[in-house]
Amino acid sequence: MRPIEDIRLVRPATLADAALLLAEDGARLVAGGTDLLPNMRRGIADPAVLIDLTGVAGIAGIEPHHGQWRLGAGVTLATIERHAQLAQQLPALVQAAGAVAGPAHRSAATLAGNLCQDTRCVYYNQSEWWRQSNGWCLKLKGDTCHVAPQGARCHAAYQGDVAAALLAYGAEVEVIGTKTSYRRPLAELYRDDGAAHLTLGAHEVVAAVHVPAGHPQRVSGFRKARTRGGMDFPLASVAIALRLDGGVLAELAVGISGTNSHPLRLDGTYALLGRPVDDAALAALGKLVAQQVSPMRTTITASNHRRLVASATAQRLLRELAAAA
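Fair warning: this is a prediction, and the values are worked out from it, not measured in the lab. (Residues numbered from 1 in each chain as written. Predicted model: local features only at pLDDT ≥ 70, side-chain atom pairs only at ≥ 80, totals over all residues. Heavy atoms only, no water.)

Trainee: Outline the nonpolar core, listing residues and values.
Mentor: By size, the foremost hydrophobic cluster in this structure holds 57 residues, and its most contacted members are Ile51, Leu93, Leu111, Leu115 and Leu166. At seven residues, the largest contribution of residues to this core is made by helix α9 (residues 162-168). Contact partners of Ile51, with chain neighbours within four places excluded, come to Val10, Pro12, Ala18, Leu21, Leu22, Ala27, Arg28, Leu29 and Val30. (Core = buried A, V, L, I, M, F, W, Y, C linked by side-chain atoms within 4.5 Å. Buried < 20%, exposed > 50% of the residue type's maximum accessible area, 1.4 Å probe, protein only. Helix = DSSP H or I, 4+ residues; strand = E, 2+ residues; numbered from the N terminus. Contact = heavy atoms within 4.5 Å.)

Now the structure itself:
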């Protein structure tokens, strides 16, 4: 890690200015810093320029707009957790924000920071001397993934919580760059590569997230399975949004994080529509989850256990929400 006095701090007034500053060698964005600063202490990140986004006007806003919520990239997780209207319309998001780390972290951590946080692995999130003694790894400075040595890609896991809820709600991400500005589905922000899991361009910044308010009869929720009851990364985080009509499923969306190199919106849930939430439907959901999550040896917890936890968490949450609906 370079001496702190050698790191230049800049405070742009707009996100467009921030995108321009990303052209400088060694530039990194920072807002809450709850992901970046620990990585700097470990020698994983070594920025020459820190672009402080906290002074950008409107970056922390929460606004309802034409049946959607626009959540600024810089809104803190604590603000989301305490927002009364979001708790009514987007309870899974509020629950997910409240499940991240501890209260002090959530008071600093931002929405976009949680969405764009680095992937994690037991061979990567270590001190520099530990990683060097182990021959580095494919994600940083090395040429071998110690999780899957015969493979050609990194399997570090994405372990943000909020993405699962936003994927279940069908959220879109707003991006600003030096030459472009666009919106696209949140799922397209990610790729299945632990070493390069974000699809953002080199000079692009997340500006906001847009979340549909949804059907008034929709119910939703979030559950996080973890080894410790608090301040721990997930074995699996699951969010579900559903609507029942006449006792059968009319809408069903499931978001999952903590198991793959990217958060995912579960495919194949259309097969459960028109069915009651009974044992057969729960078994079918569990099978879908088990087929699509792919936990590897990136944590000290066995991979197959994490797969079972993801399936069981999804089944329990679906049963609870259907009963509440």
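Trainee: Got a sec to walk through the sheet that holds strand β9 (residues 219-225)? Specific residues and values, please.
Mentor: In space, the four strands of this open sheet follow the order β9-β10-β11-β12, with antiparallel pairing throughout. Of all strands in the sheet, those bounded by a partner on one side alone are β9 and β12 (264-265). Pairing geometry for strand β10 (residues 236-245) and strand β11 (residues 248-257), over nine bridges, is antiparallel. Bridging across to β11, Ala239 finds its partner in Gly255. Set on the sheet, helix α5 (residues 91-98) makes contact with β9 and β10; between it and β9 the angle comes to about 20 degrees. Each of β9, β10 and β11 touches helix α11 (residues 303-324); the most contacted strand, β10, lies at about 30 degrees to it. (Pairing = 2+ DSSP bridges. Axes fitted to C-alpha atoms, helices over the stretch in contact; angles between N-to-C directions.)

Trainee: Tell me about the pattern of salt bridges, and please be specific about residues and values.
Mentor: What the rule picks out here adds up to 13 salt bridges. Lys141 is paired through a salt bridge with Glu128; the nearest N and O atoms lie 3.1 Å apart. In this pair, Lys141 sits in the loop between α8 (128-133) and α9 while Glu128 sits in helix α8, placing the two residues 13 residues apart along the sequence. The class of Lys141 is exposed, set by a relative accessible area of 53%. Here Arg183 makes a salt bridge to Glu172, at a shortest N to O gap of 2.8 Å. Here Arg183 is found in strand β7 (residues 181-185), whereas its partner Glu172 is found in strand β6 (residues 172-177), with 11 residues between them in sequence. (Salt bridge = Lys/Arg side-chain N within 4 Å of Asp/Glu carboxyl O.)

Shape descriptors only; they carry no functional weight alone.
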